[in-house]
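Each chain, written out:
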Amino acid sequence: MMEKIMVSAACGVMNSLLRKLASLLEKEYMLLKDVKHNIIFLRDELTSMNLLLLKLSDIEDLDMQVKEWRNKVRELAYDIEDCIDNFMGNDRPNASLVRKTVGKIKKLWFRHDIGKQIQELKILVVEESARRYRYKLDDSTFRPAVVETDHRLKALYVETNKLEGIDSPVEQIIQWLTGNGKQDQEPNIMAIVGFGGLGKTTLAVQVYSKFKDKFDCMAFASVSRGPSIKTVLIDLLKDVGAAIDTTDDEMRLINKLRGYLTKKRYFVVIDDLWDVSAWSFIKCAFHQSNCGSRIIITTRKIDVAKACCSSSGDHIYEMQPLSVADSERLFFKRIFGSEERCPSHLKEASIKILRKCGGLPLAIITISSLLASKDLTLDQWNRVANSIGSTLENNPDIEVMRKILSISYFDLPHYLKTCLLYISIFPEDYTINRKSLIIRWITEGFVQEEYGQNAHDIGESYFNELINRRLIQPWYIDHNSGNVVTCRVHDMILDLIITKSVEENFVTLLNSQELTSSPQNKIRRLSIQCADGEPPALVLEESIVLSHVRSVTIFGHGKQLPSLSDMKALRVLDLEGCKELENHHLENIERLIQLKYLNLRDTEITELPKQVVKLQCLDTLDIRNTGVSELPPAIIQLRQLARLFIDLDTRLPNGFGKMQNLEELRHVNLCMYPMNFLRELVRLSKLRELEISWGYDGTRDDRVSYQDDLINSLSMLAGRHNLRSLTFHIMDEKGFPLHTWHPAPCALRRLHFDMKLGRISVVPTWMGSLVNLQELSFRIETMTQDGLDILGDIPALRSLSFHVETCPKTKSWLSSNTAMRGLEDPSPQDWLNMPHEDPTNPEDWLRITKGFESLNSFRFECGPWEWMCLIFEAGSMPKLEILDLEVPSVDRYVIKKLGFDFGINNLSCLTKVTFRSSNRGCSEKLEVAIRKAVSRHRNRPALEIIRKKARS
């Protein structure tokens, strides 16, 4: 297997091309001798070029000549891959003898033709290679000769009266720094984290300036990307007033600093820390026995913040964008001196500009500085509002802002640069689905399988890394798993990556105003974003050539879809949410022989064309929330199909078990199929994710045997085969016999029981043996202490969510309470009015005392007769950070009687509590009770409490 080749942002195609060239040589393709030699030459020469392209992608300012060479190589790589794909796509065996004979004649001619094309491409590669050496295009010849001034330097000297929205963050950090005056045995650390331009350095400077006389010594040092640890140590020694010798090595400098800080109470700011390895050296300089010392670190990465704040008394402060009010004050103050002095005719344009700035102080200050020099005309301001991020490159202030934001981009590894650039396909303020984005990365060839990990797992790690670096923002987080479901991109970050994408011809955007592409470039990926403007279909037909386009994504109407017959190189067709998209728009789809990804979700399509079976490269098909009720029988011929997403009422054809490449299948309604369906299901040996529904409607006479066979099938998929994620919708009031599941599905990583009608009676004992399980959710009739202990035994469990109908004590009390039995239809309010003797006795509550060693997120929900019947003992759930509670208003009584101290103070790593209740007064009292319990222990992370209304 060839060595993994990293994807370059300058030529994202190079990775997949080199892989295909190697595959073409490794597999037994009947290549003409000359063709084979030419392919070997292309592979070797392009590999050499790719190494240089990787180096170029790390350099922020390239010479124009170098950029031109890079662009030519990139486009050449695209053309070569199209040629290879065209050959491989036409090299399939024919069925009948006659067709086979004719096919051989066609292939012989085609191989001569492909040989001619490859020879022509080889000549072009030779020309580009020669140009590289002729003009001495080497990365060492075009690095910037002058070191630029650090643009963050101005943040060190900004005047307080020119800031907005900083008072509250400063107060919060000072409150933590001062605490209650207790002298800690080791220095406490606070990390301020957020993406570029949010004002981390400014905030740290403001706090620093308020503590000049409160510590024995102070220091402020900037680290930045690719730091010199020696320079940082020298800066720290200078600031604290220690003697320095610039000839000392790092070890001597660390020893001097440690010696000087011994028995001193110090306050240090380490600004712009980028990686954990740099911190591992710097922290050695700080003596660990100093009483009351404080360290503030600013960073763009949440994992760096967590690595620095590893002790119980450390804190992480995550920067937030400015509020609308603070944004307006900052904006108008810098231009007019105050909000009141803004002319009324500019108010609407100002709001539009501020919305694009998205509360980013750097953007607001930059744009306001630009506008301060402009005429106060509506045309001028609208021009700025419409061109933020695209046509302001010549303005010095805009360039400074871009450079600051670009630092995060250039710090990315090559493969992440490509994945980030791909997000430029989506419009402003678009909510991006995590799973769909990862699948598209895989389809485009940006993510590849590695030993021990499949492509989807690697794609997940890429997505999480972009979240960690705060380049994409979590939007919706699943309360059951704690995973990010959707994300968004800040407008300023989106403008940055759009600029990079257009520069590198990575994505072409078409909206109602313009086409963002150079006329001489071939269109490779097209994003049509004209939902509210004039449909651009006519413009496309007349002036835009789509014969080389690989990806088409439409945000708008189906009539904007270009003719499919023109796009023979197309790999990705995403029409999700297109209005007025009808069946006839999919005519000629069989011509898209390279198509891998077809998304018709949320459209008015009612029938898949029969010709879809000719798409032998199709990898992903999504027809959820469409009118398609049945898949064509011939679809089982799509042997490359890996992901199939259908509706609950969409019927699969007979023999679907022949689609042996399927890895994801959702959503299948088992009630629609006979017993032999399960035998087809178990043939899908590669199936990794499965979503199914089961509900008994009273008409089947094979219910018990069907359930038994289903358990056997699922056991086989999760045992002998690859099933890792199972979502099981049980729509049966009698539930499902989980206790009979044997053998246990030990390979599962995710198990989600969505029981809208049914529920499990008890936690089955086999759950404790699920050694790979990371996510679990279910609804249970009665939770017992034994059941809770079984869950605690699951070693890798990171996310747990369950709904409890009743606890044993409640069930017993309700059945024995004579007053309650006298009510025909008792309500929770009736419960409140009843005499209470022992139902709220904590001795009867469920206790979490052991296990749950890896749990990070826990959601607990109880029925209308329940209260918070859990107690967290000391040492329980040692890694829990997120706690989500939903309890009814009946807890008002429990709070009054017990103060609601349920051991939340024992959750030492807890950072966020979300509490849902139908009673506002109950919610407020609970928050007060939680804060009171937590306040008794200062050396713990800051706790965020969110109150929400209970879901119906």
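Structure: above.
These notes cover the structure that comes with them. (Residues numbered from 1 in each chain as written. Predicted model: local features only at pLDDT ≥ 70, side-chain atom pairs only at ≥ 80, totals over all residues. Heavy atoms only, no water.)

## Looking at the pattern of salt bridges
Counted by the stated rule, this structure contains 25 salt bridges. In this structure, K256 and D248 form a salt bridge, with 2.6 Å as the shortest nitrogen-oxygen distance. A relative accessible area of 8% means that D248 is categorised as buried. The partner of E861 in a salt bridge is R859, and the shortest N-O contact between them spans 2.8 Å. Neither residue differs from the other here; E861 and R859 are each classed as buried. Among the charged side chains, a salt-bridge network with shared partners connects K435, E663, E664, R666, R688, E689 and E691. (Salt bridge = Lys/Arg side-chain N within 4 Å of Asp/Glu carboxyl O. Buried < 20%, exposed > 50% of the residue type's maximum accessible area, 1.4 Å probe, protein only.)

## Some remarks on the environment of C308
Of note, C308 is situated in helix α10 (residues 302-308). Sequence separation between C308 and I296 is 12 residues; the distance between their C-alpha atoms is 9.8 Å. Excluding its chain neighbours within four sequence positions, the residues that come into contact with C308 are I189, L273, W279, I297 and D314. (Helix = DSSP H or I, 4+ residues; strand = E, 2+ residues; numbered from the N terminus. Contact = heavy atoms within 4.5 Å.)

## A few points about the side chain of D622
As for its position among the elements, D622 is in strand β15 (residues 620-622). The class for D622 is buried, based on a relative accessible area of 4%. Residues in contact with D622, not counting those within four places in the same chain, are L598, N599, L600, R601 and F645.

## So, the packing of helix α5 (residues 167-178) against helix α6 (residues 200-209)
Here α5 crosses α6 at 55°, and the two axes come no closer than 10 Å. The angle between α5 and α6 places the two elements in the oblique class. Considering how the two elements wind past one another, α5 and α6 form a crossing that is right-handed. Note on element contacts: α6 touches α5 through L203, Q206 and V207, opposite P169, V170, I173 and L177. Grouping the amino acids of the contact of α5 with α6 by side-chain chemistry returns 6 nonpolar, 1 polar and no charged. (Axes fitted to C-alpha atoms, helices over the stretch in contact; angles between N-to-C directions. Parallel < 35°, antiparallel > 145°, perpendicular 65-115°, else oblique. Left-handed = near helix turned anticlockwise from the far one by under 90°. Nonpolar A, V, L, I, M, F, W, Y, C, P; charged D, E, K, R; others polar.)

## Quick word on the sheet that holds strand β2 (residues 217-222)
The sheet built from 5 strands is open, its strands ordered β2-β3-β4-β1-β5 with parallel pairing. The open sheet has two edge strands, β2 and β5 (315-318), and neither has a second partner. On average, each strand axis in the sheet is inclined to that of its neighbour by 15°, with strand direction left out of account. Those strands touched by helix α7 (residues 229-240) are β2 and β3 (266-273), and its axis lies near 150° from that of β2. (Pairing = 2+ DSSP bridges.)

## Some points on α6
Taking burial as the measure, the 10 residues of α6 include 9 buried ones, the bulk of the element. Inspection of α6 places K200, T201, T202, L203, A204, V205, Q206, V207 and Y208 among the buried residues, and these make up the whole buried set.

## Re the sheet that holds strand β7 (residues 473-477)
If you walk across this open sheet you meet the 3 strands as β6-β8-β7, and the pairing is antiparallel. At either margin of the open sheet sits one strand with a lone partner, and together these are β6 (432-433) and β7. Two strands pair when backbone bridges link them, and β6 and strand β8 (residues 484-488) are joined in this way by 2 bridges, in the antiparallel orientation. For I432, the partnering residue across the bridge sits in β8 and is C487.

## A few points about the nonpolar core
Soluble, globular proteins show a tendency: their nonpolar side chains are buried together. In terms of nonpolar packing, the biggest core is built from 119 residues, with F778, L791 and F858 touching the most fellow members. Sorting elements by how many residues they give to this core places helix α22 (residues 703-719) first, with 6 residues. Filtering out sequence-adjacent residues up to four positions away, F858 remains in contact with L800, F802, I848, L870, F872, M877, L880, I882, L883 and D884. Listed in part, the 92 residues of the second largest apolar core include A363, L420, Y422 and V507. (Core = buried A, V, L, I, M, F, W, Y, C linked by side-chain atoms within 4.5 Å.)

## Focus: the pairing of strand β11 (residues 525-529)
Counting buried residues in β11 gives 5 out of 5 residues, a clear majority hidden from the surface. The alternating pattern of β11 places R525, S527 and Q529 on one face and L526 and I528 on the opposite face, and all of these are buried. Both β11 and strand β12 (residues 551-555) contribute to a ladder of 5 bridges, which runs parallel. Note on β12: the bridge partner recorded for Q529 is F555.

## Re unusual backbone geometry
Leaving glycine aside, a negative phi is the common case for residues, and trans is the common case for peptide bonds. With an omega dihedral of 15°, the bond running from R666 to H667 counts as a cis peptide bond. Mapped onto the elements of the fold, H667 is located in strand β17 (residues 664-669). In this structure, D429 takes a positive phi of about 60° despite not being glycine. Looking at where D429 falls in the secondary structure, it is placed in the loop between α16 (414-422) and β6. According to the relative accessible area criterion, D429 is partly exposed, its value standing at 38%. You will see that M877, though not glycine, has its phi angle at about 45°, which is positive. By relative accessible area, M877 is classed as buried at 0%.

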